[in-house]
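Chain by chain, the residues run as shown.
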Number of protein chains: 2
Amino acid sequence: MRYELYYWPSIQGRGEFIRLALEEAGADYVDVARQGKRGMAAMMEFIEGRRIKHPPYAPPFLKAGKLVIAQAAEILFYLGPRLGLAPRDEAGRLWAHQLQLTIADLVVRIHDTHHPVSGWLYFEEQRPAAKQRTRDFWRYQVPKMLGYFERVLARNGGTYSVGRRLSYVDLSLFQIVEGLRYAFPKRMKRFERKIPKLVALHSRVARRPRVKAYLTSARRIPFSQWGIYRYFKELDG
Amino acid sequence: MRYELYYWPSIQGRGEFIRLALEEAGADYVDVARQGKRGMAAMMEFIEGRRIKHPPYAPPFLKAGKLVIAQAAEILFYLGPRLGLAPRDEAGRLWAHQLQLTIADLVVRIHDTHHPVSGWLYFEEQRPAAKQRTRDFWRYQVPKMLGYFERVLARNGGTYSVGRRLSYVDLSLFQIVEGLRYAFPKRMKRFERKIPKLVALHSRVARRPRVKAYLTSARRIPFSQWGIYRYFKELDG
């Protein structure tokens, strides 16, 4: 089956968690909105469209045969066992999904460091709030959330977060570390000594042949000043 | 099976979406942390605990036999078909879950109106940011998100959001309307004419015998100045 992924064509964003899974699995997929104007029009038609039964609220969404599903964590829940990137039994699938939903919560918190007041205002228009939110984020949320994933890894033997092989959760944790390094290079450098297992997981994922090939390909959209992870010198205290 | 729900005993919060489903279904369950000090200790043991295989990051979580799962949306995904509150086929379950995940996104946005900068500071310490965030919330996010659910209802015939009978999504949408009325009585009153189907759904859910009995029982924790929905006169412009 050829999967169709629909996501904004110029950012990694929430779509990246799905791209990483499709790439690692060597899945047959097309990143529709990146196929020129027509692809973008096709995506918008789904969102506005009256023609489908279950319209998504927002990208990312995935078309798999007749099924159209949205929400990054749900898409990974669906794809996981099909791509060999999640356990097949119910308890294992639910555990991977639960971790992915906690990653999704973290992603909201990461985004809101630079836009705590409004997504419709520039960073410069919400600078004091952003600084305060970022301070809190690094003081409370990062230690608590990354500390949790570090313990999950440790408890599972240290190599994988779920089960006895690589899962989409591991790929997403790679993207969390990678993005925090981009957005907060100084803060992350200081913090990494507290999460050695996550850092080692990041390195192992980066070295996997398909992930490595993807990261250096034109299919990997570079980090930028759009999307979840953004670099502002004054937030990287 | 007797389900064990674990959630903070003094707020509705995210646990309420699950309580509503268990109540509507007449399920056999115990709200563990509300059973005195021992219940609270049992909850904390799960969170800190080294004894379980899949430790939750935070409440709410559910114990169903040997299974322990967290994240409100995942718990409802699991309970839905078992309580007769979701379709049983994969496409229907995924659609209900997708809607619930979008409700979860809305819940974060509702909470952040009064605490946009930090959950560790009082409202009074982040008042300007809260006012700006609330303005944005009502100008952009509420029309977009509640407008989406209004269309979902309309497209499905107007009575239920998913399938041909009541689902946990309908119960959660009831709680969204109920909470917005508590936190923003004036703003919500003005806005409701734009979402007649959601308002009618709220009324129908409130009249269901088990929901009605629950809402007037001691098991329903009152709204307060804690949790997701909080009333601040200055935010209800």
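Above: the structure in question.
Residues numbered from 1 in each chain as written. Chains lettered and ligands numbered in written order. Predicted model: local features only at pLDDT ≥ 70, side-chain atom pairs only at ≥ 80, totals over all residues. Heavy atoms only, no water.

1. A short note on the sheet that holds strand E1 (residues 3-6) of chain A
All names here are of chain A. Condition: By this definition, two strands are paired if DSSP reports at least two bridges between them. The numbering of helices and of strands both runs from the N terminus, where a helix is a DSSP run of H or I of at least 4 residues and a strand a run of E of at least 2. To get an axis, fit a line to the C-alpha atoms, keeping to the stretch in contact for a helix; angles then go from 0 to 180 degrees between the N-to-C directions. Should any heavy atoms of two residues lie within 4.5 Å, those residues are counted as being in contact.
Across the sheet, which stays open at both edges, the four strands sit in the order E2-E1-E3-E4 with mixed pairing between neighbours. Two strands close off the open sheet at either side, each with one partner strand: strand E2 (29-31) and strand E4 (67-70). In this sheet, adjacent strand axes meet at a mean angle of 20° when their direction is disregarded. Running at roughly 95° to strand E3 (residues 61-64), helix H2 (residues 36-48) makes contact with E1, E3 and E4 of the sheet.

2. Brief notes about the packing of aromatic side chains
To keep it simple, the criterion reads: Side-chain rings of Phe, Tyr and Trp (the six-membered ring for Trp) are treated as a pair once their centres are within 6.5 Å; stacked means planes under 30 degrees apart, edge-to-face means over 60, and tilted covers the remaining angles. To sort residues, take the accessible area from a 1.4 Å probe on protein chains only and compare it with the maximum for the residue type: under 20% means buried, over 50% means exposed, and anything in between is partly exposed.
This structure, assessed with the given rule, holds 27 aromatic pairs over all chains. For the pair A:Trp120 and B:Tyr140, a centre-to-centre distance of 4.2 Å together with 15° between the ring planes defines the contact as stacked. Taken together, the residues A:Trp120 in the loop between helix H4 (90-114) and helix H5 (127-155) and B:Tyr140 in helix H5 (residues 127-155) connect one chain to another. On the basis of relative accessible area, B:Tyr140 is assigned to the partly exposed category, the value being 29%. An angle of 65° between the planes, with centres 5.4 Å apart, marks the rings of B:Phe46 and B:Phe61 as edge-to-face. Of this pair, B:Phe46 sits in helix H2 (residues 36-48) while B:Phe61 sits in strand E3 (residues 61-64), and the two are 15 residues apart along the sequence. Judged on exposure class, the residue B:Phe46 and its partner B:Phe61 are both buried. One aromatic cluster in this structure is built from A:Phe137, A:Trp138, A:Phe184 and A:Phe191.

3. A look at the pairing of E3(A)
Residues and elements named next belong to chain A. Direction of pairing for E1 relative to E3: antiparallel, over a ladder of three bridges. Counted as the bridge partner of Glu 4 is Lys 63 from E3. Alignment of E3 against E4, held across four bridges, turns out to be antiparallel. When the bridges of E4 are listed, Lys 63 appears paired with Val 68. Following E3, the chain reverses through two residues before pairing antiparallel with E4; Gly 65 in that reversal takes a positive phi of roughly 65°.

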